[in-house]
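# Coordinate analysis (summary)
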Amino acid sequence: MMEATPIDDKFRERKMNRYTVSELYKQLETMNLRSGIFERKPNNKVDCKDVEERTDNKVTELNSSQISVLQGSMKIIYAIGICMGLYPVTGLFQQDITKIRFSFRTWIAAYSLLMCSAQVLSAVICLYRLLSKPLALSTIIFACFYISTSMTCVSCIKIASRWPELICELYNLELDEYVEIRNKFKCVIISTCYILICLGLHVLRILDRMKGVIECFGGDIDILKSYCDVIYPWLNEFGLPRNQFIHIFLTIFNSMTFMIWLYADLFIICVSLFLSSIFHRLNDKIISTEGKSFSSDYWRRLREDYNRVTSLIRLFDEVIGCLIFSTFTSNLFFVCFQIYYILSNGVKTTQIINICYVIFSFPHEHEHSVYFITMAVFVSTRYLLVALCISEINSASLVTLPYLYDSETSVFCPEMRRFIDQMHGETVALTGLNFFYVTREFVLSIFQTIITYELVLLQLRKESIKLL
């Protein structure tokens, strides 16, 4: 027999080390105890046909699943999006998720592209007027308004193109246990109230514009033609053909544009409520373990559920991040504009109280005052509501940390330690195209910026009064 050489011993030792690492990886993967380098990102490209084969013809049984809750929460938003040309997806109202499809070869997609093109064209015209004419507040407002609606249209079409894939991913995550069934009724009530408020604002907006037209041109004019001249001041500048049919079409188009401007906030609110409700149910389950002893496998399953929920947040963030970014920038601008309008016109507290009284009495000669104060309150409240709904996701992801820290030594296990490290190691929140995380700290910083802007305007106004 040949004696083993030192080289053979080293080779055998290296082979054993490789074998041990390989076996360790397999064991970790089997027990799902993978940390950082072993975590695998979810596959973003899931075919709905695969889901149908995997579920053994149970795809249509969605009455108690997360898909049913999401679809029930969004059904009003789906309907508005299709009517406004923002959501070119077919099969949204069917129980079978494999029927949800996005394609540019449908009449809904053609209508959406036409609406988006019209918004982009309006934004280009407003930018041209802004650059070619002397700087004025009205031209800035028109440009920002149509840029906002154009960004909303483009973002919603992008979201629609990925929505069927997102629904399939949600189905694969199997989070039925943590879905709040009542969330869909909550979203339906919020959507209905929001739409009624928006319709009321639009009626006030039309009355305000009509009153301005009558006061400027008198009663012996074509009111519809003059109204179109107010809402589209570039019609006369470019010498476009005019007739009654075009005036009616432009009036309807302006109403749809106004609803597009308000649509993104409602969409984000309902999605945020759905995601935060999942976190709340998971938190309730974790909090219920306080003072009780559970095995390491139980905590491993809870951590895996937490992983799936955070994966869902990341998936939604990749899809709707563009809409969040455009909504926050647009809302910030219009909130600052409302503050500027109040301060530049020297509105005092007594005047605001009188306007609030006018809202309840509503005599016909105060349409502008009613519309002005109502719009200012609505824009500010809408911004605050959207910001708080999105930031609730981040707040809910950290609720259980104190309970995990307060666990007794006798029930504490390595899985709980890994659970705590994971909560600290990542920020779970929706973002605006990854430029910022929407957290309560971010919301507070935004309102600090708005207050600073207001104080600067007040200081400039006092200095201008002194100079006069």
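Structural notes, computed from the coordinates. (Residues numbered from 1 in each chain as written. Predicted model: local features only at pLDDT ≥ 70, side-chain atom pairs only at ≥ 80, totals over all residues. Heavy atoms only, no water.)

### Side note on the overall build of the chain
Here is the rule we go by: What counts as a helix is a DSSP run of H or I of at least four residues, what counts as a strand is a run of E of at least two, and both are numbered from the N terminus. Buried means the residue's accessible area, taken with a 1.4 Å probe over protein chains only, is under 20% of the maximum for its type, while exposed means over 50%, and partly exposed covers the values in between. What makes two residues a contact is simply this: any of their non-hydrogen atoms within 4.5 Å. Here the accessible surface of atoms and residues is derived via Shrake-Rupley with a 1.4 Å probe, and residues count as covered only by protein chains that are part of the display.
From N to C terminus, the chain includes 15 helices and two strands. Expressed as a percentage of the 468 residues in the chain, the buried residues total 46%. Pairs at least 24 apart in sequence give 79% of the contacts found in the chain among residues at least 6 apart. Approximately 25100 Å² of the chain is accessible, and the part contributed by carbon and sulfur atoms is 63%.

### Here we look at a nonpolar patch on the surface
The condition is simple: Residues enter a patch when their relative accessible area is above 30% and they make no salt bridge; the linking distance is 9 Å between like charges and 5 Å between nonpolar side chains (Val, Leu, Ile, Met, Phe, Trp, Tyr). Every case where a carboxyl oxygen of Asp or Glu lies within 4 Å of a side-chain nitrogen of Lys or Arg is listed as a salt bridge.
A grouping of Val120, Val124 and Val154 is seen on the molecular surface, where their side chains present a nonpolar patch of about 230 Å² in accessible area. Structurally, valine 120 is set in helix H4 (residues 107-132).

### A closer look at the packing of aromatic side chains
For clarity, the threshold we go by: Classification of ring pairs uses Phe, Tyr and Trp, with its six-membered ring standing for Trp, and accepts pairs whose centres are within 6.5 Å; under 30 degrees between planes counts as stacked, over 60 as edge-to-face, and the remaining range as tilted.
Enumeration over the complete set of coordinates arrives at 29 aromatic pairs. Ring centres 6.2 Å apart and planes at 85° place the aromatic pair tyrosine 78 and phenylalanine 93 in the edge-to-face group. Here the residue tyrosine 78 occupies a position in helix H3 (residues 66-83), and phenylalanine 93 occupies one in the loop between strand S1 (89-90) and strand S2 (101-102), the gap between them amounting to 15 residues. Taking the relative accessible area as the measure of exposure, tyrosine 78 reaches 1% and is therefore buried. Here tyrosine 232 and tryptophan 234 contribute two aromatic rings whose centre-to-centre distance is 5.4 Å and whose plane-to-plane angle is 75°, an arrangement assigned as edge-to-face.

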